[in-house]
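Structure assessment
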Amino acid sequence: ASNGVVVIRTKRGTAGRPQFSVTQRVGVSAPLRYLGYRTFTSVAEVEGMKSGQTDNAAAEAYLDARFPTGVIPQSANVDLEGDFFDDRSPSYETDISGSGGSDRTRYYLSATNRHEEGIAHNTGAHLISGRVNIDQTWSPRWTSSLSLTVLRNVLDRGLSNNDNTFTSPVYA
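One structure accompanies this document, and this report is about it. (Residues numbered from 1 in each chain as written. Predicted model: local features only at pLDDT ≥ 70, side-chain atom pairs only at ≥ 80, totals over all residues. Heavy atoms only, no water.)

1. What about the overall build of the protein chain?
Secondary structure summary: the protein chain contains three helices and five strands in total. Counting helices and strands in the order they occur from the N terminus, the protein chain gives β-α-α-α-β-β-β-β. Residue burial in the protein chain is summarised as follows: out of 172 residues, 17% are buried. Within the protein chain, contacts between residues separated by at least 24 positions form 62% of all contacts whose residues are at least 6 apart in sequence. Summed over all atoms, the accessible surface of the protein chain reaches about 12800 Å², with 56% contributed by carbon and sulfur. (Helix = DSSP H or I, 4+ residues; strand = E, 2+ residues; numbered from the N terminus. Buried < 20%, exposed > 50% of the residue type's maximum accessible area, 1.4 Å probe, protein only. Contact = heavy atoms within 4.5 Å. Areas by Shrake-Rupley, 256 points an atom, 1.4 Å probe, with all protein chains shown as cover.)

2. Details of the sheet that holds strand 3 (residues 105-117)
Neighbouring strands of a sheet are bound in pairs by backbone hydrogen bonds; such pairs are parallel or else antiparallel. Pairing is antiparallel across the open sheet formed by five strands, whose spatial order is 1-2-3-4-5. Of all strands in the sheet, those with a lone pairing partner are strand 1 (16-27) and strand 5 (142-156), marking the two edges. Here the average twist between neighbouring strands, direction ignored, is 5 degrees. (Pairing = 2+ DSSP bridges. Axes fitted to C-alpha atoms, helices over the stretch in contact; angles between N-to-C directions.)

3. Some remarks on the packing of aromatic side chains
All told, the structure shown has one aromatic pair when counted by the stated rule. Between Phe84 and Phe85, the ring centres sit 6.5 Å apart and the planes meet at 55 degrees, which makes this aromatic pair tilted. (Phe/Tyr/Trp six-rings, centres within 6.5 Å; stacked < 30°, edge-to-face > 60°.)

4. Describing a nonpolar patch on the surface
Together, Val78, Leu80 and Phe84 make up a nonpolar patch on the protein surface, roughly 260 Å² of accessible area in all. Locating Leu80 in the fold gives a position in the loop between helix 2 (57-66) and helix 3 (81-84). In this structure Leu80 comes out as partly exposed when scored by relative accessible area, which is 39%. (Patch = residues over 30% accessible without salt bridge, like charges linked within 9 Å, V, L, I, M, F, W, Y side chains within 5 Å. Salt bridge = Lys/Arg side-chain N within 4 Å of Asp/Glu carboxyl O.)

5. Topic: the side chain of Ser91
In this structure, Ser91 sits in strand 2 (residues 91-101). Relative accessible area serves as the criterion here: at 12%, Ser91 is assigned to the buried category. Of the polar contacts made by the side chain of Ser91, one reaches the backbone nitrogen of Glu117; its length is 2.9 Å. (Polar contact = N/O pair within 3.5 Å; in protein donor to acceptor, adjacent residues only side chain to side chain.)

6. Some points on the side chain of Ser99
Here Ser99 lies in strand 2. For Ser99, a relative accessible area of 12% corresponds to the buried category.

7. Describing the nonpolar core
Phe40, Val43, Leu63, Phe67 and Ile72 form the largest nonpolar core, which has five residues in total. Not counting residues within four places of it along the chain, the set of residues in contact with Leu63 comprises Val43, Val46 and Glu47. (Core = buried A, V, L, I, M, F, W, Y, C linked by side-chain atoms within 4.5 Å.)

8. A word on the environment of Asn113
Of note, Asn113 is situated in strand 3. For the pair Asn113 and Leu127, spaced 14 residues apart in the sequence, the C-alpha separation amounts to 5.8 Å. Beyond its immediate chain neighbours, meaning those up to four positions away, Asn113 contacts Tyr92, Glu93, Thr94, His126, Leu127 and Ile128. At 2.9 Å, the side chain of Asn113 and the side chain of His126 are in polar contact.

9. A few points about the pattern of salt bridges
Under the defined criterion, the tally for this structure stands at four salt bridges. One salt bridge in this structure joins Arg25 and Glu93, with 3.5 Å as the shortest N-O distance. Of this pair, Arg25 sits in strand 1 while Glu93 sits in strand 2, and the two are 68 residues apart along the sequence. The exposure class of Glu93 is buried, given its relative accessible area of 15%. For Asp95, the salt bridge identified is with Arg25, shortest N-O distance 2.9 Å. In this pair, Asp95 is assigned in strand 2 and Arg25 in strand 1, connecting sequence segments 70 residues apart.

Encoded structure:
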C-alpha cells in the first residue's frame, strides 16, 4: 500500500486436502484502575459547587436536614465505582474455519461466536458471524471469486449507553 491506499485481503482457500481449525478463548474483564471519587467534609463545600443554572433549594434543604451540624462524616462519602463496575462474568469466543480445494476451485469457510460481558452490570456484546469465500480458476487469464459474509451483532449498553447520554454513574 502506498499514497494512503490500504489493501484489505480476506483469507482465501488454498489447493489441497481439507484443513480445519477450531479456536476457543475464555476470559474475564476487570478495570485496570478506578477514577476515584470526591470526598466532602462540609455542607458548605457541597453547596459551593456549581451544578448548572438551576436553583438547588431542594438539595440544600436535604443537606441541611441530613447534616444539621454542617459537617459531613467520612462514612457518608461512599465509593460506588466498585459496585457499578464489578461484573466479572466470563467472556468467550469460538472460531471454526476450514479451507481446501483443487487447482481450479478453492474454498474458505469460517464461523465465529463471541460473547463479551461488560464490567458494568447489564452490559456486553454478542457477535455471530459466518463467511464463505470461493475462488474458481477458469483459465490462466480468467478467475472468479465469490465472497459472502453474514453477521449479527447485539450490543447491550446498559443504563449509560457507553456514556453517550451523560447518565453514567461517573457523572453522578
